[in-house]
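Structure at a glance
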Amino acid sequence: AQSVTQLDSQVPVFEEAPVELRCNYSSSVSVYLFWYVQYPNQGLQLLLKYLSGSTLVESINGFEAEFNKSQTSFHLRKPSVHISDTAEYFCAVRSGGSYIPTFGRGTSLIVHP
Amino acid sequence: GAGVSQSPSNKVTEKGKDVELRCDPISGHTALYWYRQSLGQGLEFLIYFQGNSAPDKSGLPSDRFSAERTGGSVSTLTIQRTQQEDSAVYLCASSFSPGVVSYEQYFGPGTRLTVT
């Protein structure tokens, strides 16, 4: 069965600093990779996804993630964070043969002024 | 258009009572998922519907949990004889057929269940 590890449960950072949220998954022949964001008292929203093609994917609000097959990782990065980026971030992986994505436990990003 | 909606948004119930949680998916989405989100535990998969059938209900934690979907649309998750450990946020998500490559789940805001 697929597993997803988000190594950091909480990441505190100051505003305008860079951030990286780590995500590793167990190996599989083919995978689809996702990052979701959950703002307080809201449902999850898709932030970005990797399905195929370029290994670097970007979101409209400045986040990016890179699919690294050899390291089975899909880390999320942003060069300069804002207070409004404070939220819970979930990495999810769907193996090619499964209809059910597996979610990590989430990383709480806390941006301080 | 309208997103995934869930009701109620909050539910407080006494231990031993039955509860029903409702999910209205996005129109046209054939797949529907229920997850449970507990503090520090991430998302726990409960059950998946394709149309009105549930090909995967492997995540239901006990026989006190059941779910149905009617008309390929609305779904109800029922928890019988609630226990305190059932307290969590229950999330519903829908998508087009997961066989589509550009598969993406759309989540509702969740129902926060508190069992006292």
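Residues numbered from 1 in each chain as written. Chains lettered and ligands numbered in written order. Predicted model: local features only at pLDDT ≥ 70, side-chain atom pairs only at ≥ 80, totals over all residues.

Looking at the overall build of chain B
This is how it is decided: We count a stretch as a helix when DSSP gives it H or I for four or more residues in a row; a strand needs E for two or more, and each element gets its number in order from the N terminus. Each residue is classified by how many other C-beta atoms fall within 10 Å of its C-beta atom, where C-beta atoms are placed from the backbone; a count of 20 or more means buried, 12 or fewer means exposed, and values in between mean partly exposed. For the purpose of contact definition, each residue receives a C-beta atom placed from its backbone, and two residues are in contact when these atoms lie within 7 Å.
Helix and strand content of chain B: zero helices and 11 strands. Across its three principal axes, chain B shows a C-alpha extent of roughly 40 × 30 × 25 Å. Taking all 116 residues of chain B together, 34% fall into the buried category. Across chain B, contacts joining residues at least 24 apart in sequence account for 54% of those joining residues at least 6 apart.

Comments concerning the overall build of chain A
Under the convention used in this document: For a compact globule the rule gives 2.2 Å times the number of residues to the power 0.38, and the radius of gyration it is set against comes from C-alpha atoms.
When you go through chain A residue by residue, the secondary structure sums to zero helices and 12 strands. Computed over the C-alpha atoms, the radius of gyration of chain A is 13 Å, within 12% of the 13 Å expected from 2.2 N^0.38 for a compact globule of 113 residues. Judged by the C-alpha coordinates and their principal axes, chain A covers about 45 × 30 × 20 Å. Split into buried and exposed, the 113 residues of chain A put 35% on the buried side.

Remarks on the interface of chain B and chain A
The criterion, for reference: Classification convention: Asp, Glu, Lys, Arg as charged; Ala, Val, Leu, Ile, Met, Phe, Trp, Tyr, Cys, Pro as nonpolar; all other residues, Gly among them, as polar.
On the side of chain A, 14 residues touch chain B, which itself brings 17 residues to the contact. Considering each element in turn, the side of chain B that touches chain A owes the most residues, four residues, to strand β5 (residues 42-50) of chain B. Considered class by class, the residues forming the side of chain B that touches chain A number nine nonpolar, six polar and two charged.

Re the confidence of the model for chain A
Going by this rule: On a range of 0 to 100, pLDDT expresses the predictor's confidence in each residue.
Confidence in the prediction for chain A averages 91 pLDDT; 98% of positions are at 70 or higher. Mean pLDDT across the secondary structure elements of chain A bottoms out at strand β7 (residues 56-58) of chain A, with 89, and peaks at strand β3 (residues 19-21) of chain A, with 98.

Comments concerning the pairing of strand β11 (residues 111-115) of chain B
Residues and elements named next belong to chain B. This is how the line gets drawn: Between any two strands, at least two bridges found by DSSP are needed for them to pair.
Pairing between strand β2 (residues 10-13) and β11: four bridges, direction parallel. Bridging from a neighbouring strand, Asn 10 pairs with Arg 112 of β11. Of the strand pairs in this sheet, strand β9 (residues 88-95) and β11 are connected by three bridges, and their pairing is antiparallel. If you follow Val 89 over to β11, its bridge partner there is Arg 112.

Here we look at the sheet that holds strand β7 (residues 65-69) of chain B
In a beta sheet, neighbouring strands pair by backbone hydrogen bonds and run either parallel or antiparallel. Residues and elements named next belong to chain B. Our working rule: What counts as an axis is a line fitted to C-alpha atoms, over the stretch in contact for a helix, and the angles between N-to-C directions run from 0 to 180 degrees.
Taken together, the four strands give an open sheet; going across it, the order is β1-β3-β8-β7, and neighbouring strands pair in antiparallel fashion. For this open sheet the edge positions go to β1 (5-7) and β7, each flanked by a neighbour on one side alone. For this sheet, the mean inter-axis angle between neighbouring strands, taken without regard to orientation, is 15°. Where β1 lies against strand β3 (residues 19-24), three bridges are found, and the strand directions are antiparallel. When the bridges of β3 are listed, Gln 6 appears paired with Cys 23.

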